[in-house]
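Here are the chains, one letter per residue:
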Amino acid sequence: MEKILNYINNEFAETVHGKLLDIVEPAVNKTYAQLQVAEKEEIDKAVFAAQTAFPLWSSLSLEERCNWLWKITEGIEAEFETFAAAESKDSGKPLSLARRIDIPRSVSNFKFFAGAAQHFASESHYMPDAGINYTLRKPIGVVGCISPWNLPLYLFTWKIAPALAAGNCVIAKPSEVTPYTAFLLAKVCQKIGLPKGVLNIVHGGIETGRLIVAHPKIKAISFTGSTRAGREIAQTAASSFKKVSLELGGKNPNIIFDDADLEETVKTSVLSSFNNQGQICLCGSRIFVQEKSYEKFINQFVGLVSALKVGDPNSDDTRIGAIVSKEHLEKVLSYIKLAEEEGGKILTGGKQAQPEGRCKEGYFIAPTIIEGLSYNCRTNQEEIFGPVVTIMPFKDEEDVLMMANSVEYGLSATVWTNDLKRAHRIAEKLECGIVWINSWMMRDLRTPFGGVKSSGVGREGGWEAMRFFTEAKNVFIKY
Ligand code: NAD
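Reading the values: the criteria
Residues numbered from 1 in each chain as written. Predicted model: local features only at pLDDT ≥ 70, side-chain atom pairs only at ≥ 80, totals over all residues. Heavy atoms only, no water. Helix = DSSP H or I, 4+ residues; strand = E, 2+ residues; numbered from the N terminus. Rg over C-alpha atoms; globule rule 2.2 N^0.38 Å. Buried < 20%, exposed > 50% of the residue type's maximum accessible area, 1.4 Å probe, protein only. Contact = heavy atoms within 4.5 Å. Areas by Shrake-Rupley, 256 points an atom, 1.4 Å probe, with all protein chains shown as cover. Lys, Arg positive; Asp, Glu negative; His and termini not counted. Charge placed at Lys NZ, Arg CZ, Asp CG, Glu CD. Pairing = 2+ DSSP bridges. Axes fitted to C-alpha atoms, helices over the stretch in contact; angles between N-to-C directions. Expected span 1.5 Å × (residues − 1). Arc of directions from axis to C-beta. Near = heavy atom within 4 Å. Polar contact = N/O pair within 3.5 Å; in protein donor to acceptor, adjacent residues only side chain to side chain. Parallel < 35°, antiparallel > 145°, perpendicular 65-115°, else oblique. Left-handed = near helix turned anticlockwise from the far one by under 90°. Nonpolar A, V, L, I, M, F, W, Y, C, P; charged D, E, K, R; others polar. Salt bridge = Lys/Arg side-chain N within 4 Å of Asp/Glu carboxyl O.

Chemist: Describe the overall build of the protein chain, and please don't skip the residues or the numbers.
Modeler: A tally of helices and strands in the protein chain yields 15 helices and 25 strands. For the protein chain, whose C-alpha radius of gyration is 23 Å, the value lies close to the compact-globule estimate of 23 Å for 479 residues. Taking the principal axes of its C-alpha atoms as reference, the protein chain extends roughly 70 × 65 × 40 Å. When the 479 residues of the protein chain are sorted by exposure, 58% land in the buried category. Restricting the contact set of the protein chain to residue pairs at least 6 apart, pairs at least 24 apart contribute 74%. With an accessible surface of roughly 19,700 Å², the protein chain has 53% of that area assigned to carbon and sulfur atoms. Across the protein chain, the 54 positively charged side chains and the 56 negatively charged ones have centroids separated by 4 Å.

As C-alpha cells, then:
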C-alpha cells in the first residue's frame, strides 16, 4: 500500500517511529494509502530545516521569491488532473467540483500572493517640524500552517502561499483525513527544486498539530478548523505570545425577504446549502424565509434538492458526493436524529443514501431539509457541517436579526432582497465577518476573510494575510 511520507528539507523520509494512519476513500469505504505520523523528532527536524533556510529565503529579492511561487503553480497545473482526481478520491467530493473549484483555486492562491507580495507596501507617517516615521515589515521567521479536510489543497495553499511570499519558512500540516494533495504538492516542490527547508509538509493528526503549535521556534500559527481545536490552539499559543490567525466553525444564516427574486434565490440556496455535501464553513445552514414567501420557497427548494443526484464522485452528473469519513457521517446522522427529537419535520432526505455499484459501501447522506424547529434548539445552534439545513419563517427585520445573531458563531451570512436600504441596514447589523447580498461565496482574494465570536480571530486574504505573516517595526527619523 502506498505510504504518504513527510516532506522535510526537500526530502521524503521515513519517520523514526514508523507510526501509520490509514487513509480511506470515503466513496467506497476502502483504505487506499497510509500516512506516516510526524512525531517530535520529525517536527524538530522540520523546524531546524526551516530555521536554516530562513536567512537565504527571506533575503531573496521579491522577484526571485515570487518566481518560486509561480514555479509551484506551473507544477500543479502540469498535473492538474492528477490533483483533481486525488482530491475527489480522498475527500469524496464530486470530481467535477475538484476540477472547477479546489484545484483552480489552489493555483490562484499561489499566483495571487506572488503578485500581492510584489505590491505590498508599508506606511509612513509624517510629523510636521519633527520628522517622519516609516514602517518596516519583515517576515516573522518559521511559521506553522494547519488546515482542515473540507477544502484540502484550497485551504492549505491559502495559508502557505502568503506565508512564503512574505519571506517566511513554513511547517505545514494538512488534515490527516485528506493528506493526499498536500503530498502531491510536496512532490511538485521537490521536482522544481524549491530551496531546501523553505516549505516542510508534515503529516499526522491532533498530536502532530499540537507539537507544531507548542514548538518554541515556531513564531506564528495560521489555523483553519474547528472551534474546539481553535480554542486549544489559542490557549497554547498565548503562553508563548505566538501570533495566531484562527478561522473556525460557522452556523451561517441565509435570509430571504419577500421582495427577493425567488427563482435566483432558490437556485443559489441549493448551492449554499449543499455544495461539497454542505461541508463548507460558509454554507448557509439556517434558512430564514419571510412569511409570505415561505410556502412558495419550500415547494421550489424541496423540488430542486430532492432531484440532486447523490452518488459516485466520478460521475459527471453527481451533485452530492460522499461524506468525508465514517466518523463524520455518524456525527451528521446523529444531528438528524436530534432534529427529529427536537420536533423537526424532515421535508426531504433525512437518511443515509446508498448508491448502486462501486459506491454501495460508501458514506453518503441524502441532502436533508428540516422545518418546524425553534431558532434556539441545539440543531439550530450547533455546527453540523453536512448536507443538512433547517428552514424557519420570520416576520420582519428585527425578528430575523435576533434569530440570525442568536448563535455563538459569526462567520458569514447571505441576504436576499431587492431593497437596497434594507440590504445595507441588515449587512451592518449581522454579527459576522462576511455578508453576501443576493449571492453566495463570491470570493475576491483581496478582501478580508474571517469570522467574529466563536468563528475566529483575525482575517486572511489580501493585505490582511501579508500583514499577519510579517512583523511591523516603526522607525522614526528626526528632521
Ligand atoms: P479540526 O479542528 O478537527 O482539524 C483541523 C486541523 O487541525 C487538522 O489538520 C487537525 O489534524 C488539526 N488539529 C486538530 N486538533 C488540533 C489541536 N488541538 N492542535 C493542533 N492541531 C489540531 O477540523 P476539521 O474537522 O478538519 O474541519 C472542519 C472544521 O473546520 C469545521 O468546524 C469548519 O467550520 C471549519 N472550517 C472553517 C473554515 C473557515 O475559514 N472559518 C474553513 C473550513 C473549515
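Resuming the write-up.
Chemist: Talk me through the sheet that holds strand S21 (residues 412-416); I want residue IDs and the actual numbers.
Modeler: Ordered in space as S15-S18-S19-S14-S13-S21-S22, the seven strands form an open sheet in which the pairing is mixed. Every other strand in the sheet has two partners, leaving strand S15 (345-348) and strand S22 (434-437) as the edge strands with one partner each. Ignoring strand direction, the axes of neighbouring strands in this sheet form an average angle of 25°. Judged from the four bridges that link them, S21 and S22 form a sheet pairing that is parallel.

Chemist: A description of the side chain of Ser285 should follow, citing residues and the corresponding values.
Modeler: Assignment of secondary structure puts Ser285 in the loop between helix H9 (262-274) and strand S14 (286-290). In this structure, Ser285 is in contact with Lys251, Asn252, Val388, Val389 and Thr390, ignoring residues within four places of it in sequence.

Chemist: So what about the sheet that holds strand S7 (residues 131-139)? Which residues, and what values?
Modeler: Across the sheet, which stays open at both edges, the three strands sit in the order S6-S7-S25 with antiparallel pairing between neighbours. At either margin of the open sheet sits one strand with a lone partner, and together these are strand S6 (124-127) and strand S25 (470-478). This sheet shows a mean twist of 20° between the axes of neighbouring strands, independent of strand direction. Bridge analysis of S6 against S7 gives four bridges, and the strand direction is antiparallel.

Chemist: Which residues make up helix H10 (residues 294-306), and what values go with them?
Modeler: Along its 13 residues, H10 runs 18 Å from first to last C-alpha, staying within 8% of the 18 Å computed at 1.5 Å per residue. Within the span of H10, buried status applies to Tyr294, Phe297, Ile298, Phe301, Val302 and Val305. One face of H10 carries all of its buried residues, which in axial projection span an arc of 115°. Set apart from the buried face of H10 by more than 90 degrees, the exposed residues are Glu295, Lys296 and Asn299. Where the residues of H10 are buried, they touch strand S13 (253-256), H9, S14, S15, strand S18 (368-371) and strand S19 (388-394).

Chemist: Just give me the short version of the site of the ligand, but keep the residues and values in it.
Modeler: Around the ligand, the surrounding shell holds 32 residues, and the nearest of these are Lys173, Glu176, Ser226, Leu248 and Glu383. The contact in question runs from an oxygen atom of the ligand to an N or O atom on the side chain of Lys173, over 2.8 Å. At 3.3 Å from a nitrogen atom of the ligand is found a side-chain nitrogen or oxygen belonging to Arg228. At the level of elements, helix H7 (206-214), strand S11 (220-224) and helix H8 (227-239) are the ones that each hand at least two residues to the shell around the ligand.

Chemist: Account for the packing of helix H2 (residues 62-78) against helix H6 (residues 180-192), naming residues and giving values.
Modeler: In contact at an axis separation of 9 Å, H2 and H6 are set at 120° when each is read in the N-to-C sense. Here H6 runs oblique to H2, going by the angle between their axes. Between H2 and H6 lies a crossing whose hand is right-handed. Within the contact between the two elements, H2 uses Trp68, Lys71, Ile72, Gly75 and Ile76 and H6 uses Leu185, Val188, Cys189 and Ile192. Residue classes in the contact of H2 with H6 are distributed as seven nonpolar, one polar and one charged.

Chemist: Account for the pairing of strand S4 (residues 20-25), with residues named and values stated.
Modeler: Two elements, S4 and strand S5 (residues 30-36), share six bridges in a ladder whose sense is antiparallel. Considered in S5, the bridge of Asp22 is made with Gln34. Where S4 folds back onto S5 in an antiparallel hairpin, the turn is made up of four residues, including Asn29, whose phi is positive at roughly 60°.

Chemist: How would you summarise the pattern of salt bridges if you had to cite specific residues and measurements?
Modeler: All told, the structure shown has 21 salt bridges when counted by the stated rule. Across the pair Lys111 and Glu77 runs a salt bridge, and its minimum N-O distance is 3.0 Å. Residue Lys111 is found in helix H4 (residues 95-119), and its partner Glu77 is found in helix H2; the two are separated by 34 residues along the sequence. Its salt-bridge partner being Glu382, residue Arg378 comes within 2.7 Å of it at the nearest N-O pair. The partly exposed category is assigned to Arg378, whose relative accessible area is 43%. On the accessibility criterion, Glu382 (23% relative accessible area) is partly exposed. A cluster of three or more residues bridged by salt bridges with shared partners is formed by Asp259, Glu397, Arg422 and Arg425.

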